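Analysis of the macromolecular model
These are the residues of each chain, in order.
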Amino acid sequence: MSMDILVGLQWGDEGKGKFIDHICSQYDIVARFNGGANAGHSIYYNGEKVTLKLLPSGVFYPNTMNVIGTGVVVNPIQLQQEIEQLMALDATLALPKRLLLSAKAHLVLPTYAYFDQFYEAHPDYRTIGTTKNGIAPAYAAKILRQNLRVGDIYSAQFTSELQAILARQYRELEQFQCDLPPLKEMEAAYMDGIAFLKTLLITDTELYVNQALNEGKKVLAEGAQATMLDIDHGTYPYVTSSSTVAGGACTGLGVSPKKIGEIFGVTKAYTTRVGEGIFPTELAGAEAEQLRNKGGEFGSNTKRPRRVGWLDLPALKYACMVNGVTQLIVTKGDILSDREEVPVCTHYEVEGKQQAYFSVHQDEETTQAIYQSFEGWTGDFTQIKAENQVPLAYKAYLNFIADTVSVPVTYLSTGPQREEILKLKGN
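Residues numbered from 1 in each chain as written. Predicted model: local features only at pLDDT ≥ 70, side-chain atom pairs only at ≥ 80, totals over all residues. Heavy atoms only, no water.

Things to note about the side chain of Gln327
By the secondary structure assignment, Gln327 is in strand S15 (residues 327–331). Owing to a relative accessible area of 15%, Gln327 belongs among the buried residues under this scheme. Within the structure, Gln327 has its side chain in polar contact with the side chain of Glu262 (distance 3.1 Å). For Gln327, the contacting residues outside a window of four places in its chain are Glu262, Ile263, Phe264, Gly265, Val407, Pro408, Thr410 and Tyr411. (Helix = DSSP H or I, 4+ residues; strand = E, 2+ residues; numbered from the N terminus. Buried < 20%, exposed > 50% of the residue type's maximum accessible area, 1.4 Å probe, protein only. Polar contact = N/O pair within 3.5 Å; in protein donor to acceptor, adjacent residues only side chain to side chain. Contact = heavy atoms within 4.5 Å.)

Structure (structure tokens):
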């Protein structure tokens, strides 16, 4: 049995959580392979909007096991809060019994968020636009080999090693004149989170996932953030700190590339991003505000307004290429309803030459987005229950996207609720 992968194809917020929630019941295991609590997958459950930050999206299905893989960085306090909030919503979810946590996953220490805040605010450092959850410092400490991992919490030296690291980093933060809580208070709160971690199932998740595949079980690897935020292949330096592309699922979960099956890629019918960085199709002024408000384009974690723009096909082609996408899922086509026409960026003009693919090195000042306009569509998308009810103009728009990126569109989102998603039978 092969492992399927789901990734975002833009700068995040494509609606990955909703789609993965839709297909979770088809899988025995759903596994997170990257990132931390710096991104949220929003899902409607029992009529309430729930944002999953660290937990895999299979938590709402009683027969699905959930894995937080080695490539994830874990904040014990945030994980405890998230689990307790969901258990308060529905105690029958029995999350502690259906969640496996990699012993090799790295910990996010309580000092890291303060380093994040300092770097974002200080003029000597780039302003990236992070969520200030301490994710980048955690990955940095991991690469420097100066961090602690989840499995270390069972070591007899864990407490002394943690105290030594926190004391050293606290002194550094004091020199930066950061506003800090007392060190003992910070340490005590964190140790409470560590105590909670010890109530969870901690194991070598690589062995668990590979054994499950060998037994014929179905596994879905869930990515956080999105392709254009990948630490290597995204719009550096305005990216996240982990590998967000499909290949990251192999390293983040310890699964061979030979065992990969379908690669689902999710894109909005338009484009958004949060934070700094190039955005060739970005809108401004009243048109941007209208699209942002209609689409509810505000961060699921931070509530920051997202930057919005038209669909960028050169960027989407690039994302499909580096991931090897086999199925395309398009969301929020309903938000573009009731427009006379819908522009799409088909290519760029850079210094007088046409460019068909996005380059992470291109300069926004010399990049001009070239558009093709499509006939707009109307109708209440929430009433669409079959493929023949999809507006013809929207079908033409989708067919053009599929032809351009050479990937079939297999699912459409027709509204915000978890059941408002349509599988296209013709694909």
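Describing the environment of Gly352
Mapped onto the secondary structure, Gly352 falls in the loop between strand S16 (341–350) and strand S17 (353–355). For Gly352, a relative accessible area of 65% translates into the label exposed. The spacing of Gly352 and Gln368 is 16 residues in sequence and 9.5 Å in space, taken between C-alpha atoms.

What to know about the sheet that holds strand S5 (residues 65–68)
Within the open sheet, the ten strands sit side by side as S9-S7-S5-S2-S10-S1-S11-S15-S19-S20. Their pairing is mixed. The two strands at the open ends of the sheet, each matched to only one other strand, are strand S9 (201–203) and strand S20 (421–423). The sheet shows a mean angle of 25° between the axes of neighbouring strands, taken without regard to direction. Examined bridge by bridge, S15 and strand S19 (residues 409–413) share three bridges and lie parallel to one another. Across the sheet, the residue bridging to Val330 is Leu412, located in S19. (Pairing = 2+ DSSP bridges. Axes fitted to C-alpha atoms, helices over the stretch in contact; angles between N-to-C directions.)

So, the domain arrangement of the protein
According to the domain assignment, the protein contains domain 1 (3–102 + 203–264), domain 2 (106–198) and domain 3 (267–423). Once you take the C-alpha centre of each, domain 1 and domain 3 turn out to be 24 Å apart. With 36 residues of domain 1 at the contact, the number on the domain 3 side is 41 residues. Taking both partners together, domain 1 and domain 3 bury about 3,200 Å²; carbon and sulfur atoms supply 56% of that area. Looking at the side of domain 1 facing domain 3, the largest losses of area belong to Leu9, Trp11 and Lys18, adding up to 23% of the total buried there. Between the two partners, domain 1 and domain 3, sit one salt bridge. Residue Asp13 is joined to Arg306 by a salt bridge in which the shortest nitrogen-to-oxygen separation is 3.2 Å. Run the count over domain 1 and domain 3 and you get 19 residue pairs in polar contact (both at pLDDT 80 or more). (Domains from an automatic or database assignment. Buried area = accessible area lost by both parts, 1.4 Å probe. Salt bridge = Lys/Arg side-chain N within 4 Å of Asp/Glu carboxyl O.)

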